[in-house]
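Coordinates in review
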Amino acid sequence: EGLGSVSGWRDFPSRLARATDLGALVYSRRGYGRSDPLAARFTPSFMHDEARNDLPAVLEALSVREPILVGHSDGGSIALIRAGDEPLSVRALLLLAPHVIVEDETVASIASLRDRSRTTDQVERFRRHHGENAAPLVEAWTAVWLDPAFRSWNIEGSLARIACPLLVVQGEDDEYGTLAQVRAIERGVHSRREMLVLPRCGHAPHRDQPEATLEAMTRFVRGLHS
């Protein structure tokens, strides 16, 4: 996710792996968690760069073929880009609160997060998951999302090329994105797709509504084999 890491997912990946009887590869991207520090500041193409360079390199290094990609927020966007670029390489997508367009609500919430990180102990809370990566990551990530050049970022063009089934789980009370994201995906993707909007749920369905999210993902994956 935008400021997530392996530890931030807690036991959700292992629970999903057990429920679906599938193996799981869970990793923190560069600059996140306990991975190496960022090599450079993010640019407006950072999610495309991740989808087209780092993600396929990780999968290739570990001989992972036709994965079911699970992504939250920015991670969901990265998964969408990858599935649009290489439609036959992805078995399915399980997406939590992905972004396909930049909304005013998203920008406002990120601006508020940046301000809190500079005036409160917000960065210290991120340090629990990111260690020494916390401060540079928060600064780099908020800077790129708040860059005026990023306002035109849009991946709707990737959606029509997606060939695999996908599930989108969105919180009704998501402060970082509205249902416009869900409607854009439903409108743009022509393969099998399922949209689940959870009430009383914010930006992180796997933390806010873990049981409902796990049940939906498990059912969807099992349905791939039917």
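For the structure given in this document, a descriptive report is provided here. (Residues numbered from 1 in each chain as written. Predicted model: local features only at pLDDT ≥ 70, side-chain atom pairs only at ≥ 80, totals over all residues. Heavy atoms only, no water.)

1. What about the overall build of the protein chain?
Put simply, the rule is: A run of H or I in DSSP counts as a helix once it spans at least four residues, and a run of E counts as a strand once it spans at least two, with each numbered from the N terminus. Taken over C-alpha atoms, the radius of gyration is set against a globule rule of 2.2 Å times the number of residues to the power 0.38. Accessibility here uses a 1.4 Å probe with only protein chains present; expressed as a share of the type maximum, an area under 20% marks a residue as buried, one over 50% as exposed, and anything in between as partly exposed. Residue contacts follow a heavy-atom distance rule, with two residues in contact if any of their heavy atoms lie within 4.5 Å. In this tally, Lys and Arg are treated as positive and Asp and Glu as negative; His is ignored, and so are the chain termini. A charged residue contributes its charge at one atom only: NZ of Lys, CZ of Arg, CG of Asp or CD of Glu.
Secondary structure assignment for the protein chain yields 10 helices and four strands. The secondary structure elements of the protein chain, listed N-terminal to C-terminal, are α-α-β-α-β-α-α-α-α-β-α-β-α-α. A compact globule built from 226 residues would reach a C-alpha radius of gyration of about 17 Å, and the protein chain, at 17 Å, matches this within 12%. Expressed as lengths along the three principal axes of its C-alpha atoms, the size of the protein chain is roughly 50 × 35 × 35 Å. Counting the 226 residues in the protein chain, one finds 51% classified as buried. Pairs at least 24 apart in sequence give 77% of the contacts found in the protein chain among residues at least 6 apart. On the protein chain, the mean spot of the 27 positive side-chain charges and the mean spot of the 31 negative ones are 2 Å from each other.

2. A few points about the sheet that holds strand 2 (residues 92–96)
Heads up, the condition is: Two strands pair under a simple rule: DSSP has to find at least two bridges between them. Under this scheme, a helix contributes an axis fitted over its contacting stretch, all axes are lines through C-alpha atoms, and angles between N-to-C directions fall in the 0 to 180 degree range.
An order of 1-2-3-4 is seen for the four strands of this open sheet, with the pairing classed as parallel. The outermost strands of the open sheet, each flanked by one partner alone, are strand 1 (68–72) and strand 4 (193–198). The sheet shows a mean angle of 10° between the axes of neighbouring strands, direction not considered. In the sheet, strand 3 (residues 166–171) pairs with strand 4 via six bridges, with the strands oriented parallel. If you follow G171 over to strand 4, its bridge partner there is L198. Across the sheet, helix 3 (residues 74–85) is in contact with strand 1, strand 2 and strand 3; its angle to strand 1 comes to roughly 145°. Where helix 8 (residues 179–188) meets the sheet, its contacts fall on strand 3 and strand 4, and the angle it forms with strand 4 comes to roughly 170°.

3. A few points about a nonpolar patch on the surface
Note the cut-off: Note on patches: the residues involved have over 30% relative accessible area and no salt bridge, like charges join within 9 Å, and the nonpolar side chains Val, Leu, Ile, Met, Phe, Trp and Tyr join within 5 Å. Only the protein chains shown count as cover for residues, and all accessible areas are computed by the Shrake-Rupley method using a 1.4 Å probe. In what follows, salt bridge is the name for a side-chain nitrogen of Lys or Arg lying within 4 Å of a carboxyl oxygen of Asp or Glu.
There is a patch of nonpolar side chains on the surface, built from L25, Y27 and L62 and spanning about 270 Å² of accessible area. Relative to the helices and strands, L25 resides in the loop between helix 1 (12–20) and helix 2 (46–61).

4. A few points about the nonpolar core
Operational definition: The criterion is simple. A nonpolar core is a set of buried Ala, Val, Leu, Ile, Met, Phe, Trp, Tyr and Cys residues joined through side-chain atoms within 4.5 Å.
Counting residues in hydrophobic clusters, the biggest one holds 45 residues, and the most contacted among them are L80, L93, W141, W145 and I162. Breaking this core down by element, the ones donating at least two residues are helix 2, helix 3, strand 2, helix 4 (104–119), helix 5 (122–130), helix 6 (134–145), strand 3 and helix 8. With seven residues, helix 6 is the largest single contributor of residues to this core. Those residues in contact with W145 that sit more than four places away from it in its chain are F46, M47, D74, H99, V102, T106, V107, I110 and F150. Membership of the second largest hydrophobic core comes to 16 residues, among which are W9, L167, L214 and V221.

5. Thoughts on the layout of surface pockets
Rules: A cavity here means a set of points on a 1 Å grid, drawn over the protein atoms and nothing else, where a 1.4 Å probe fits but cannot get out; a pocket is an open set with protein on both sides within 12 Å along at least five of seven lines, and a residue lines either one if it has an atom within 4 Å of a point. Grid points are joined across faces, edges and corners, and a volume is the space filled by probe spheres set on the points. Note on residue categories: nonpolar means Ala, Val, Leu, Ile, Met, Phe, Trp, Tyr, Cys or Pro, charged means Asp, Glu, Lys or Arg, and polar means any other residue, Gly included.
There is about 910 Å³ of room inside the largest pocket. L25, V26, I68, L69 and V70 are the residues nearest the centre of the largest pocket, which is lined by 39 residues in total. Listed by contribution, the elements that provide at least two residues to the lining of the largest pocket are helix 1, helix 2, strand 1 and helix 3. Partitioned by chemical class, the residues of the lining of the largest pocket number 24 nonpolar, nine polar and six charged.

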